[in-house]
Each structure stands twice: as structure tokens, then as C-alpha cells.
Amino acid sequence: MKFIPLQITTISPSKTITFDLYIYFKETYLKYQEAGTLIPTDKLEKLTKQKVAKFYIDDEDIHMYQTYIQELMNEKLEDQDLGIEQKVAVVEGACLTAVEQSFKNPDSEKSYEMTEVAAQKLKKVLETGPDALKEFFEKKTIDTDLVIAHSMNVASLATRLAIRVGCSDKEISNISTAALLHDVGLTRLNKQDQELFKKHKEDMNDDEQRIYGLHVKDAISALKDRPWVKKGVLELIVNHEEVLTGKGPNKLKNLTLPIMILSLVNTYDKHVTISGMNPRDALMEITVKHIDDFEHDIINKFKDILIDEGVI
């Protein structure tokens, strides 16, 4: 039996589960809740207090989980009486679950579909107003891989920026999905080279920059021949490191607005997530060291979002 992890926040005490739930304890997967039952609120709360971040399901139940989480997100987002905190929690959980699966199985259609659905709900919750973005950044997610946490931050910020600057619905959806998946190529680097993710490009020597740039090409290898991957999403993933000065892996200088949004936010959040800068200092870093890498108008709109929506 092969097990798939999913964020505990994607399971609701008010919705019957259609699959068995397991927890991982002392190197063993233990059945925690039977399919066809409701998981009591007190059991969920107890796990949360114990800082248990994940449930597990049998790989063969993935389609039932996909249906479950899509229905749950729809119910939560359409509930006018539900607070933004609960809506953000379930959407974030769905995004983190989908990204983790995509990173483990980048050529899996099921994983891509999960990510695309989660991205659509991310777009929807962020369209409700500024409180949603602030809530994403005030949440502290337990037991989240650094790259996946970065992907979540980039997705929420880039999606909100795309909404603010007036991108089309198609562009926003592509940006949301691509932002969640933009570092999928890192999974194909060896463990030593993956550590380069924790360094800024300006701190890398030429050989390190060349090696790190391979994660873009590896993303192409993982996704380009997959008919379910949208062309616009792939284009964004391939070019998420590109800047106007032409110093990206592909040496691209003419950037579309969606590419610039994703690249700007990716650069910004690496200062926050990797370097541990506070959001205000990271913005200062962008306006000082990266001022020529992006159009000034886009930088200013990004600054406005961070200030207006309470991130800094």
C-alpha cells in the first residue's frame, strides 16, 4: 500500500470522509478514521494541539479525495457566514497538499489536476478582498518544507498582484498554477545541488548559477510533453527566473506581464523565506538591488499591495 500525505486542514468535521484516514506514528501508518464517517471536532483539535500536520490516505483513494476537497472548498468559499480564517485554512491546505504531490510526482496528471483546482480556489479566495492575503501571511503552517512554503507564498502574492494590475482571468489562473509549481524542477537536481535554493543568485559563483539554472530546464523535461499542462502555465514556469536585465537562465529580456509578476514575487519571497528578512526589509532589497530587473510601475504596485493589505 502506498500512502499520500494531505494537510490536516483539508479534512472537516462537518463533512463525511469517503476514504480511510491514517496517521504516521513510530514509523507505522495507523488507521485513524474509517471511510463513511465524520471525524469528531475534538479529535481534530487534539491532533492540532499535538502539532500533527498531516493525515495520509491510500494512493488508490486519490480520486475520492480530489472530489472531497473540491466540494469542501466550494462549500467553505460559498458560506457567507464563515470567517476568512477558515476559508484561507482549507484553501492553503489544499494548495500545500497539491504542491507536495506535484513535487513528488511532477509528471503525474492527478497531481497537476489537484494543483490546478487548488490554484482556482486560491484565486477565488484572494478575490474576496485584502483580508485574505493578510491571513495567508499571518498563518504559521506546521511541518512545511521550505521550498513548498516558498511556493505557497509566491502563489498567494503573485495571484493577488495579478488581480490588482488587471490581468485577465486566464492569466490569473495560469499565474496561480505556475506559482505553485514554479520550482518543480528542483526535485530533479541532486541533494547537494538542491541546497543552492538557499542561496541568492548574486551570492553564487558562475558554476553554481549554471547548475541552479538547470532546475528551469528540468521543469521543462518534467512537464513539456504532458498534454494536461497548459501552455501558458509551462511558459511561466520556464521563465520564472527571468529579469529585464537578461540575467536569467534563459537570458530573456522582453518579459510579458505575467512572467514579470511571477519573477518579481519569486525574487521578493526568497529574501523573506530563505534569508529570513522581514517583509519590509525584503521590499527595500527589491527597490535597491533589483530596481532595474523589473518595470518600476510593477514594483510600485507590488509595494502598494504589501502596504495596503497589511503584509508589511
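Everything in this summary refers to the structure shown in the same document. Along each chain, numbering runs from 1 in the same order as the chain's sequence is written. Only residues with pLDDT of at least 70 get local features here, since the model is predicted, and only at 80 or more are side-chain atom pairs given and counted; chain-wide, interface and lining totals rely on the full set of residues. With hydrogens and water stripped out, all remaining heavy atoms of the structure feed into the side-chain values.

1. Some points on the overall build of the protein
Helix and strand assignments come from DSSP, with helices taken as H or I runs of at least 4 residues and strands as E runs of at least 2, each series counted from the N terminus. Check the secondary structure of the protein and you find 13 helices and four strands. By principal-axis analysis of the C-alpha atoms, the protein measures approximately 55 × 40 × 35 Å. Categorising residues by exposure relies on relative accessible area from a 1.4 Å probe, with only protein chains included: less than 20% of the type maximum marks a residue as buried, more than 50% marks it as exposed, and the intermediate range marks it as partly exposed. Among the 312 residues that make up the protein, the fraction classed as buried is 53%. Excluding contacts between residues fewer than 6 apart, the proportion of contacts in the protein whose partners are at least 24 apart in sequence is 68%. Residue contacts are counted whenever heavy atoms from the two residues lie within 4.5 Å of one another.

2. Quick word on the nonpolar core
Counting residues in each nonpolar core, the largest one holds 95 residues, and the members touching the most others are Ile11, Phe55, Val91 and Tyr268. Contact partners of tyrosine 268, with chain neighbours within four places excluded, come to Leu157, Pro279, Ala282, Leu283, Ile286, Phe302, Leu306 and Ile312. In plain words, nonpolar cores are sets of buried Ala, Val, Leu, Ile, Met, Phe, Trp, Tyr and Cys residues tied together by side-chain atoms within 4.5 Å.

3. Some remarks on the pattern of salt bridges
Should a side-chain nitrogen of Lys or Arg be within 4 Å of a carboxyl oxygen of Asp or Glu, the pair is scored as a salt bridge. Summed over the entire model, instances satisfying the criterion amount to 18 salt bridges. Its salt-bridge partner being glutamate 71, residue lysine 15 comes within 3.1 Å of it at the nearest N-O pair. A residue pair is termed long-range when its members are at least 10 positions apart, and lysine 15 in the loop between strand E1 (3-7) and strand E2 (21-25) and glutamate 71 in helix H2 (residues 62-78) qualify at 56 residues. The class of lysine 15 is buried, set by a relative accessible area of 12%. Classification of glutamate 71 as partly exposed rests on a relative accessible area of 37%. One salt bridge connects glutamate 116 with lysine 230, and the closest N-O pair in it is separated by 2.5 Å. Of the two residues, glutamate 116 sits in helix H4 (residues 109-126) while lysine 230 sits in the loop between helix H9 (206-223) and helix H10 (231-238), which places them 114 residues apart along the sequence.

4. So, the packing of H9 against H10
In this description, a line fitted to the C-alpha atoms serves as the axis of each element, helices being fitted only across the stretch in contact, and the angle between N-to-C directions of two axes falls anywhere from 0 to 180 degrees. Direction vectors running N to C along H9 and H10 enclose 160 degrees, while the axes themselves pass 9 Å from each other. In this view, H9 runs roughly antiparallel relative to H10, as classed from their interaxial angle. Contacts from Val216, Ala219, Ile220 and Leu223 of H9 reach H10 at Leu234, Ile237 and Val238. For the contact of H9 with H10, a count of residues per class yields seven nonpolar, no polar and no charged. Orientation labels follow simple angle bins: below 35 degrees gives roughly parallel, above 145 gives roughly antiparallel, 65 to 115 gives roughly perpendicular, and whatever is left gives oblique. Residues are grouped as follows: Ala, Val, Leu, Ile, Met, Phe, Trp, Tyr, Cys and Pro are nonpolar; Asp, Glu, Lys and Arg are charged; every other residue, Gly included, is polar.

5. Description of the packing of aromatic side chains
The geometry of an aromatic ring pair is captured by two quantities: the separation of the ring centres and the angle between the planes. When two rings of Phe, Tyr or Trp (its six-membered ring) have centres within 6.5 Å they constitute a pair, described as stacked for plane angles under 30 degrees, edge-to-face for angles over 60, and tilted for the intermediate range. Considering all chains together, one arrives at nine aromatic pairs under this definition. Ring geometry for phenylalanine 3 versus tyrosine 29: centroids 4.1 Å apart, planes at 15 degrees, classification stacked. Residue phenylalanine 3 is located in strand E1, and its partner tyrosine 29 is located in strand E3 (residues 28-33); the two are separated by 26 residues in the primary sequence. Since its relative accessible area comes to 18%, phenylalanine 3 is described here as buried. When the centroid spacing of 4.7 Å and the interplanar angle of 50 degrees are considered together, the rings of tyrosine 24 and tyrosine 29 count as tilted. Using a relative accessible area of 34% as the deciding quantity, one classes tyrosine 29 as partly exposed. One aromatic cluster is present, formed by Phe3, Tyr22, Tyr24, Tyr29 and Tyr56 through successive ring pairs.

6. Examining the side chain of aspartate 61
Looking at the element boundaries, aspartate 61 is found in the loop between strand E4 (54-58) and H2. Just so you know, the count uses Lys and Arg for positive and Asp and Glu for negative, and it drops His and the chain ends. The side chain of aspartate 61 is buried and forms no salt bridge, while lysine 31, the nearest opposite charge, is found at 8.7 Å. What aspartate 61 contacts, discounting residues up to four positions off in sequence, is Phe19 and Asp20.

7. Some thoughts on the pairing of E3
Two strands are counted as paired when DSSP detects at least two bridges linking them. As judged from the five bridges shared by E2 and E3, these two strands associate in the antiparallel manner. Paired with tyrosine 22 across the two strands is lysine 31, which belongs to E3. The hairpin turn running from E2 into E3, its antiparallel successor, is two residues long, and lysine 26 in that turn takes a positive phi close to 50 degrees.

8. A look at the environment of alanine 178
Topologically, alanine 178 is positioned in helix H7 (residues 169-181). Residue alanine 178 is classed as buried on the basis of its relative accessible area of 0%. Distance in space between the C-alpha atoms of alanine 178 and leucine 262 is 8.3 Å, their sequence separation being 84 residues. Not counting chain neighbours up to four residues away, the residues in contact with alanine 178 comprise Val233, Leu236, Ile237 and Leu262.

9. With respect to unusual backbone geometry
In this model, lysine 26 sits at a positive phi of 50 degrees, which is unusual for a non-glycine residue. Here lysine 26 lies in the loop between E2 and E3. Overall, the relative accessible area of 71% leaves lysine 26 in the exposed class.

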